[in-house]
Amino acid sequence: MRYIVAIFLFTISLSYLCLADENTKGFPPFYTTVHDGDIEKLDIFWPLYSKYVSSSEENQRFLWMGFQRKLLDSERKRSMFLPFWISGINDDGIRYHALFPFWGTAYDFLIYDYINFCLWPIYTSSVVNNQKSKSVLWPFYSKTEGPDKKSIRFFPFFGKTLTYGLEENKFILWPFYSSVKALGKRGGNGFIFFPFYGEINADHLQTRWYLPPFFRFSKSNNQQKKYLPWPFIQLEKGDINKKYLWPLAGYKKTNQDSNGFLLWPFIKWNYSGNKNKGSQRLYFQPIYRAKYVWNKEEEYREKNWKIWPIAQGTKSNDYSIIKILDLWPFKTLGPIERNWAPTWQFLEIKKSAENSEWSFLNRLIYYNKSEECSVWKFWLWQFEKGN
């Protein structure tokens, strides 16, 4: 008898976990699929495996190590099992392979347009924005040449970088001494003798550091800045107005943006925009978060809120949604909503101008009322009544 009850309960669980959304199907958290126009998504026990297909590309991911991407309108593709293996074809049809840290070549990887290495860090060559670099026993020796700048480094003993027409940077026995010289029209120079003293002298900026980076005094045409010491007391006045008594309280304001905190990182808020268009956020970590967006020209307003782990909701001009139980403590993510939220959300209420509905245990019990009819559903049975 107990085996029959167990099978019955398991069948019910699969029934109410089966998604009923017209674009999303599956048995979360085991797998879900999304079909939305030319976009298809597949998740298998997310974040174990995910697949994304559109009219222009196809992506697959295994955990946070295995990745494969293919552009459907070109030869370009790439496979990775980080940090050990990378292979693919670039835009010019060139095949490449890399087995880290032994040998290899890769294109368009991280910040690099091209990178080649052999027994890293013994030898590496790379290209970034037409700047060609070579390094031997990284980070000890490196040299960079390009149309915009050139540099040479024997780390940590000596280094020099010249950005043509902009500035010249040097260091000796990093981090103890570093300097900068402006080559543009405004001019100026500066140095830091760490950890004792530093300064910047220019027509547009005067800065003094004492025990850098802790005590700083800066003055420019439109700004004054004081650290007494950083990061605990930060004061700014001018285009940016800032008062921080970190981590107890702080406030920062620019032209149309402002933010602040109390008992960082637990209570934070920010405001961006103006009365006609903008957004506002409020956080009481990890219990409460809310986001409010408005646009008077388009007559649009929307508010999203979450009281963790009790509920979350959305309210806009056109609809409102409330979901009871929300165990995910961070920002709402699509994969979480598809694959894990159905396993813990037991009540959802939706309202719009056209209809209203609620569902219990992910539509095990479901009710929808519109102008045309009312629909009741219990597990496999559905009843419909005209209005």
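Relevant structure appears above.
Residues numbered from 1 in each chain as written. Predicted model: local features only at pLDDT ≥ 70, side-chain atom pairs only at ≥ 80, totals over all residues. Heavy atoms only, no water.

1. Topic: the pattern of salt bridges
Pairs may arise between side chains of opposite charge once their charged atoms sit close together. Taken as a whole, this structure holds eleven salt bridges when the rule is applied. Among the ionic pairs, Lys-143 bridges to Glu-145, the shortest N-O distance being 3.7 Å. You can call Lys-143 partly exposed: its relative accessible area is 37%. The salt bridge involving Lys-242 is made with Glu-236; its shortest N-O contact spans 3.8 Å. Looking at Glu-236, the relative accessible area reads 11%, which means it is buried. Shared partners join several salt bridges into a network, and the residues in it are Arg-76, Asp-91 and Asp-108. (Salt bridge = Lys/Arg side-chain N within 4 Å of Asp/Glu carboxyl O. Buried < 20%, exposed > 50% of the residue type's maximum accessible area, 1.4 Å probe, protein only.)

2. Quick look at the pairing of strand 38 (residues 381-386)
With zero of its six residues buried, strand 38 lies for the most part at the surface. Direction of pairing for strand 37 (residues 373-378) relative to strand 38: antiparallel, over a ladder of six bridges. Bridge pairing in strand 38 links Trp-376 to Phe-383. The hairpin formed by strand 37 and strand 38 contains two residues between the paired strands, and Trp-379 there has a positive phi angle of roughly 55°. (Helix = DSSP H or I, 4+ residues; strand = E, 2+ residues; numbered from the N terminus. Pairing = 2+ DSSP bridges.)

3. What about the packing of aromatic side chains?
One pass over the structure, following the stated rule, counts 27 aromatic pairs. Ring geometry for Phe-232 and Trp-246: centres 5.9 Å apart, planes at 45°, overall tilted. Remark: Trp-246 occurs in the loop between strand 25 (241-245) and strand 26 (249-253) and Phe-232 occurs in the loop between strand 23 (223-227) and strand 24 (233-238); sequence separation between them is 14 residues. In this structure Trp-246 comes out as partly exposed when scored by relative accessible area, which is 29%. An aromatic cluster is built from Tyr-177, Phe-191, Tyr-197, Tyr-210 and Phe-217, whose rings are joined through pairwise contacts. Directly above the ring of Trp-64 sits Arg-61, whose terminal nitrogen or CZ lies 6.0 Å from the centroid. Positioned above the aromatic ring of Tyr-244 is the side chain of Lys-242, whose terminal nitrogen or guanidinium carbon lies 4.5 Å from the ring centre. (Phe/Tyr/Trp six-rings, centres within 6.5 Å; stacked < 30°, edge-to-face > 60°. Lys NZ or Arg CZ within 6 Å of the ring centre and 35° of its normal.)

4. With respect to the nonpolar core
Soluble globular proteins tend to pack their nonpolar side chains together in the buried interior. Grouped together as the largest cluster of nonpolar side chains are nine residues: Met-80, Ile-86, Tyr-96, Ala-98, Ala-106, Tyr-107, Phe-109, Ile-115 and Phe-117. When residues of this core are traced back to their parent elements, those giving at least two are strand 9 (95-99), strand 10 (103-109) and strand 11 (112-118). In terms of residue count, the dominant contributor to this core is strand 10 (three residues). The contacts of Ala-106, once residues within four sequence positions are left out, are Ile-86, Tyr-96, Asp-113, Tyr-114 and Ile-115. (Core = buried A, V, L, I, M, F, W, Y, C linked by side-chain atoms within 4.5 Å. Contact = heavy atoms within 4.5 Å.)

5. Structural notes on a negative patch on the surface
A grouping of Asp-318, Glu-354, Glu-371 and Glu-372 is seen on the molecular surface, where their side chains present a negatively charged patch. The topology assignment puts Glu-371 in the loop between strand 36 (365-370) and strand 37. (Patch = residues over 30% accessible without salt bridge, like charges linked within 9 Å, V, L, I, M, F, W, Y side chains within 5 Å. Areas by Shrake-Rupley, 256 points an atom, 1.4 Å probe, with all protein chains shown as cover. Lys, Arg positive; Asp, Glu negative; His and termini not counted. Charge placed at Lys NZ, Arg CZ, Asp CG, Glu CD.)

6. Section: the pairing of strand 6 (residues 66-71)
In this structure, strand 5 (residues 57-62) lies alongside strand 6, joined through six bridges in antiparallel fashion. Bridge pairing links Glu-57 to Leu-71 in strand 6. Here strand 5 hands over to strand 6 after three residues, with Leu-63 in that stretch at a positive phi of 50°. As paired strands, strand 6 and strand 7 (residues 77-81) are joined by five bridges and run antiparallel to one another. Bridging across to strand 7, Arg-69 finds its partner in Arg-78. Following strand 6, the chain reverses through five residues before pairing antiparallel with strand 7.

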